[in-house]
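Listed here are the chains, written in short residue letters.
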Amino acid sequence: MSTTASPVGDLLPPFRRRRTRVGLVAGGLGTYWPQFPGLLPQLQESTRYVVDRFGGLDAEVVDTGFISDAQEARVAADTLRTADCDLIVVFLTTYLTSSMVLPIAQRTGVPVLAIDLQPSEKMDHDRFDTGLWLAYCGQCPVPEVANVFRRAGIEFRSVTGHLRSERAWARIERWVHAAGVRARLREARHGLMGHLYPGMLDVSTDLTLLSTHFGSHVEVLEFDDLRVRVDVVTDAEVRERVGLAREVFEVDASVDQEDFDWGARVSVGLDRLVADFDLDSLAYYHRGLEGEQHERLGAGMILGASLLNARGLPAVGEYELRTSVAMLAAQALGVGGSFTEIQAINFDDDVVEMGHDGPAHLAISSSRPILRGLGVFHGKRGYGVSVEFDVQPGPVTTFGLGQDRDGALSFVTSEGEVVPGPLLAIGNTTSRVDFGGDPGEWVDQWSRTGIGHHWGLCVGHVAREVAAAASLLGIDHRHVSAPFDDADGFARSLGPTEKPA
């Protein structure tokens with residue numbers, strides 16, 4: 001999957017934790033080896049090809065080698081259990097018994113993907129004997145393993161194809177990318193600073209849910225944690241950050257230099273806050289009163305938070321923790337994700353205009369982003385510099401976290417296209433998105449999914465990747481697709497290998 005290229009480039013290093021870790025096991029039924037002496041070498045050759053392909057992915061591969069019976073499977077399972085993998089791939093090279101696969105899933109407690117890739121597109125029936133046929137028999141145990149997984153309460157996933165099928169490898173890579181999302185959220189430390197925007201009941205989130213659903217940690221912060229770090233920023237550091245901002249942004253004439261310097265000072269303090277608390281995301285809000293320091297800190301966040309987004313660390317306003325989580329998942333997929341809500345509808349052009357004031361993900365801007373000065377932040381106290389841009393034209397995915405009555409979290413997606421047209425120049429991000437149907441009906445269906453009023457706008461169509469990630473995380477995936485007046489268009493689950501309607 002292609003990743004977004006940040007306009008910050010090498011000026012600020014990207015944020016990243018450890019690589020995705022994939023466990024790899026290949027196997028077949030050992031009873032065959034003495035019966036057909038040429039079979040095992042052929043299967044081992046196929047295994048070497050699979051190992052090489054996995055080595056070319058952006059992942060750390062833990063290869064346990066080839067197994068031939070249930071005892072060897074248990075040894076492989078113990079190796080993988082201690083390796084702390086994010087996904088385990090079992091290569092079914094020929095028929096094997098389900099007793100060779102079940103222990104791997106049970107002992108590791110890690111999602112398993114079964115792959116069966118025969119040597120080529122088809123057999124040569126006139127030439128093949130039993131030994132040659134068995135190399136093409138990896139599909140045979142797939143229903144058996146699926147049945148046993150179902151009876152054991154383990155979710156089953158598989159990819160069937162042939163060794164050099166790029167369609168099959170695209171599906172396999174989708175699961176590896178999904179494992180990257182699982183890994184990112186398992187390791188994540190989410191910063192939550194300030195307090196809830198008054199009255200936004202949909203934004204309120206039980207912090208324990210992130211630990212129970214994903215294994216994430218939420219670090220509760222005070223604005224004073226930022227204040228003490230901003231207080232020690234030097235004038236030289238401010239000048240350096242202003243210089244960086246001038247390279248990244250087109251600075252509008254409306255920007256007041258004093259506000260610009262303040263935003264730069266807060267930006268340097270934000271970087272220290274992120275480093276000191278080892279954060280992977282940040283959601284914040286503080287109302288403030290009559291220009292006091294906390295109000296000024298909240299108003300000065302946009303420049304620094306946008307630079308953090310560009311480096312791959314989601315930083316969002318309005319205390320929107322669930323959206324910062326979705327944006328971090330999108331970042332793990334390499335598709336950005338800019339903080340977004342519905343702004344208006346153009347019924348002549350059948351587009352939903354969406355975006356937000358405040359921080360933006362600069363890496364997915366269609367052109368050089370604008371830094372604009374605002375004398376008032378609508379709905380919020382304070383004033384200062386804000387960011388304005390449109391997301392890159394072309395395919396996009398809206399991606400957010402929904403929450404149900406029982407507290408269950410879900411991934412929610414819809415796919416559309418950013419199209420050209422008139423945009424507001426008010427210091428906000430704004431994009432015109434065509435979802436392939438009546439935009440009013442899209443709003444109605446999208447709103448019924450359990451999504452809040454914020455989400456991430458990501459580049460590319462990645463609903464299937466998000467569906468795969470939801471599967472590995474054990475949560476629901478809900479997808480809204482045209483026609484929106486059709487019951488099937490509402491919040492149906494889009495499987496990770498299913499083509500959107």
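Data block above holds the structure.
So, how was this worked out
Residues numbered from 1 in each chain as written. Predicted model: local features only at pLDDT ≥ 70, side-chain atom pairs only at ≥ 80, totals over all residues. Heavy atoms only, no water. Helix = DSSP H or I, 4+ residues; strand = E, 2+ residues; numbered from the N terminus. Rg over C-alpha atoms; globule rule 2.2 N^0.38 Å. Buried < 20%, exposed > 50% of the residue type's maximum accessible area, 1.4 Å probe, protein only. Contact = heavy atoms within 4.5 Å. Areas by Shrake-Rupley, 256 points an atom, 1.4 Å probe, with all protein chains shown as cover. Lys, Arg positive; Asp, Glu negative; His and termini not counted. Charge placed at Lys NZ, Arg CZ, Asp CG, Glu CD. Core = buried A, V, L, I, M, F, W, Y, C linked by side-chain atoms within 4.5 Å. Phe/Tyr/Trp six-rings, centres within 6.5 Å; stacked < 30°, edge-to-face > 60°. Lys NZ or Arg CZ within 6 Å of the ring centre and 35° of its normal. Pairing = 2+ DSSP bridges. Arc of directions from axis to C-beta. Disulfide = S-S within 2.5 Å. Axes fitted to C-alpha atoms, helices over the stretch in contact; angles between N-to-C directions. Parallel < 35°, antiparallel > 145°, perpendicular 65-115°, else oblique. Left-handed = near helix turned anticlockwise from the far one by under 90°. Salt bridge = Lys/Arg side-chain N within 4 Å of Asp/Glu carboxyl O.

Caption draft 1: Examining the overall build of the protein more closely. The secondary structure content of the protein amounts to 16 helices and 19 strands. The C-alpha radius of gyration of the protein comes to 25 Å, within 12% of the 23 Å expected for a compact globule of 501 residues. Projected onto the principal axes, the alpha-carbon positions of the protein cover approximately 85 × 50 × 40 Å. Every one of the 501 residues in the protein was classed for burial, and the buried ones make up 58%. Taking the intrachain contacts of the protein between residues at least 6 apart in sequence as the baseline, contacts between residues at least 24 apart amount to 77%. Of the roughly 20,000 Å² that the protein leaves accessible, carbon and sulfur atoms contribute 49%. In the protein, which carries 45 positive and 69 negative side-chain charges, the distance between the mean positions of the two groups comes to 5 Å.

Caption draft 2: Geometry of the nonpolar core. One finds Phe54, Ile115, Phe214, Phe411 and Trp442 to be the most contacted residues of the largest nonpolar core, which totals 99 residues. Here this core takes nine residues from helix H7 (residues 166-187), the largest share from any one element. Apart from the residues lying within four places of it in its own chain, the contact partners of Phe214 are Leu185, Arg186, Leu209, Val325, Leu401, Leu409, Phe411, Leu473 and Ile475. If you look at the next biggest cluster of nonpolar residues, it comprises 25 residues, including Ile67, Leu96, Ile104 and Ala114.

Caption draft 3: The packing of aromatic side chains, seen in detail. Inspection of every chain in the model, using the stated rule, returns 11 aromatic pairs. Put simply, the rings of Phe435, Trp442, Trp446 and Trp455 touch in pairs and so form one group of aromatic residues. One cation-aromatic arrangement involves Arg164 over Tyr49; the distance from NZ or CZ to the ring centre is 4.3 Å.

Caption draft 4: Looking closely at the pairing of strand S4 (residues 112-118). In terms of burial, S4 is largely enclosed, as seven of its seven residues are buried. Bridging between strand S3 (residues 87-92) and S4 involves four bridges; their strand directions are parallel. The residue of S4 that forms the bridge with Phe91 is Ile115. Bridging between S4 and strand S5 (residues 158-162) involves five bridges; their strand directions are parallel. Looking across to S5, one finds that Ala114 is bridged to Ser158.

Caption draft 5: Examining helix H9 (residues 223-231) more closely. What H9 keeps buried is the set Phe223, Leu226, Arg229 and Val230. The buried residues of H9 occupy one face: seen down the axis, they fall within an arc of 125°. Close packing links the buried residues of H9 with strand S6 (189-194), strand S7 (217-221), helix H11 (257-276), strand S9 (281-285), helix H12 (293-299) and helix H13 (301-310).

Caption draft 6: A look at the state of the cysteines. With the rule as written, the count across this model stands at zero disulfides. Cysteine Cys140 is unpaired, with the sulfur of Cys137 as its nearest cysteine sulfur at 4.2 Å.

Caption draft 7: Expanded view of the packing of helix H2 (residues 39-55) against H7. Running from N to C, H2 and H7 cross one another at 55°; their axes reach a closest spacing of 12 Å. Of the possible angle classes, the one that applies to H2 and H7 is oblique. Helix-helix and strand crossings are classified by hand; for H2 and H7 the assignment is right-handed. Residues Tyr49, Val50, Arg53 and Phe54 of H2 form the contact with H7, whose own contacting residues are Glu166, Trp169, Ile172, Glu173 and Val176.

Caption draft 8: The pattern of salt bridges, seen in detail. In this structure the tally under the stated criterion is 23 salt bridges. Here Asp124 ties to Arg127 by a salt bridge, and the two come within 3.4 Å at their closest N and O atoms.

Caption draft 9: Local environment of the environment of Ser386. Tracing the chain through its elements places Ser386 in strand S14 (residues 384-388). For Ser386, a relative accessible area of 1% puts it in the buried group. The spacing of Ser386 and Ile370 is 16 residues in sequence and 8.2 Å in space, taken between C-alpha atoms.

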